[in-house]
Amino acid sequence: MTCDLCGFVENADNSIIETKHWIVLLASDQAYLGRCYITLKRHCGDLTKIKKEEWSEFFEVIKKLEKAITKAFNPDLFNLTCLMNLAYQNNPPNPHIHWHLRPRYKNKIKFNGLTFVDPEFGHHYAREHERSMEVDQSIQNEIISRIKAI
Ligand SMILES: [Zn+2]
């Protein structure tokens, strides 16, 4: 069974953080400035099957990542979710563990001439309200370097 995320991990070339077990990549949708994915490098679709060493490394990745994004953009909050709903739209499902990290901002923030607003701050980003803001590769690279420069 093929897995898009395995290919995504294999072909990734501009990670924000990469450790033995995890890779952090920026999302092209930056409606939440600094939004990224934290993906387990091996194929595994069940959170209860994550090894102790992987969990402990995940914790370190999150600490490092939140610190770096805070220094770069100073969000007020981070939403961290592991959903994997998309994989269950297929039969049979073939999930691959990944987390969505959405920095949340009480006030609007400007970066590289763009303004980012979070009108649902303090609330869940319900799917029907979720805004999308695709940014081009050059802006993505600027965001990545800002986060990595810390
Ligand atoms: Zn996979």
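The shown structure was predicted, so the numbers you read here are calculated from the model rather than taken from an experiment.

Conventions and cut-offs
- Residues numbered from 1 in each chain as written.
- Predicted model: local features only at pLDDT ≥ 70, side-chain atom pairs only at ≥ 80, totals over all residues.
- Helix = DSSP H or I, 4+ residues; strand = E, 2+ residues; numbered from the N terminus.
- Rg over C-alpha atoms; globule rule 2.2 N^0.38 Å.
- Buried ≥ 20, exposed ≤ 12 C-beta atoms within 10 Å, placed from the backbone.
- Contact = placed C-beta atoms within 7 Å.
- Pairing = 2+ DSSP bridges.
- Core = buried A, V, L, I, M, F, W, Y, C linked by C-beta atoms within 7 Å.
- Expected span 1.5 Å × (residues − 1).
- Arc of directions from axis to C-beta.

Attention now moves to the overall build of the protein chain. What the protein chain contains, in helices and strands, is three helices and seven strands. Along the chain direction, N to C, the helices and strands of the protein chain fall in the order α-β-β-β-α-β-β-β-β-α. For the protein chain, the C-alpha radius of gyration of 15 Å lies close to 15 Å, the compact-globule estimate for 150 residues. Principal axes of the C-alpha set define a box for the protein chain whose edges measure 45 × 35 × 25 Å. Per-residue burial over the protein chain gives 21% buried out of 150 residues. Partitioning the contacts of the protein chain with sequence separation of at least 6, the portion at a separation of at least 24 is 65%.

Strand order in the open sheet made by the five strands is S1-S2-S3-S5-S4, with antiparallel pairing throughout. For this open sheet the edge positions go to strand S1 (17-18) and strand S4 (77-81), each flanked by a neighbour on one side alone. Here five bridges tie S4 to strand S5 (residues 98-104), and the two strands are oriented antiparallel to one another. Residue pairing for S5: Thr-81 is matched across the bridge by His-100.

To continue, consider the nonpolar core. Of all hydrophobic cores here, the largest spans 19 residues; its most connected members are Ile-16, Trp-22, Val-24, Leu-25, Cys-36, Ile-38 and Leu-65. Secondary structure elements with two or more residues in this core: helix H1 (4-10), strand S2 (22-26), strand S3 (36-40), helix H2 (52-73) and helix H3 (137-148). In terms of residues, this core owes the most to one element, S2, which gives five residues. Not counting residues up to four positions away in its chain, the partners in contact with Cys-36 are Ile-16, Val-24, Leu-25, Leu-26, Ala-27 and Leu-101.

Turning our eyes to something else, we now look at the pairing of S5. Here four bridges tie S3 to S5, and the two strands are oriented antiparallel to one another. In the sheet register, Thr-39 faces S5, and the bridge partner there is His-98.

Our next topic: H2. The terminal C-alpha atoms of H2 lie 31 Å apart, and with 22 residues this matches the ideal 32 Å at 1.5 Å per residue to within 8%. For H2, the full list of buried residues reads Val-61, Leu-65, Ile-69 and Ala-72. For H2, the angular spread of the buried residues around the axis is 55°, confining them to a single face. More than 90 degrees from the buried face of H2, the exposed residues found are Lys-52, Trp-55, Ser-56, Phe-59, Glu-60, Lys-63, Lys-67 and Lys-71. Of the surrounding elements, those touching the buried residues of H2 are S1, S2, S3, S5 and H3. In the stretch just after H2, Asn-74 is the one whose phi turns positive, near 50°.

A separate point is the environment of Ala-12. Residue position: Ala-12 is located in the loop between H1 and S1. As a C-alpha pair, Ala-12 and Leu-65 span 53 residues in sequence and 18 Å in three-dimensional space. Setting aside its immediate chain neighbours within four residues, Ala-12 contacts Ile-23 and Leu-25.

This part covers the environment of Asp-29. With respect to the helices and strands, the residue Asp-29 is situated in the loop between S2 and S3. Overall, the presence of 14 C-beta atoms within 10 Å leaves Asp-29 in the partly exposed class. For the pair Asp-29 and Glu-57, spaced 28 residues apart in sequence, the C-alpha to C-alpha distance is 26 Å. When residues no more than four places from it in sequence are discounted, the contact partners of Asp-29 are Arg-35, Ser-132, Met-133 and Glu-134.

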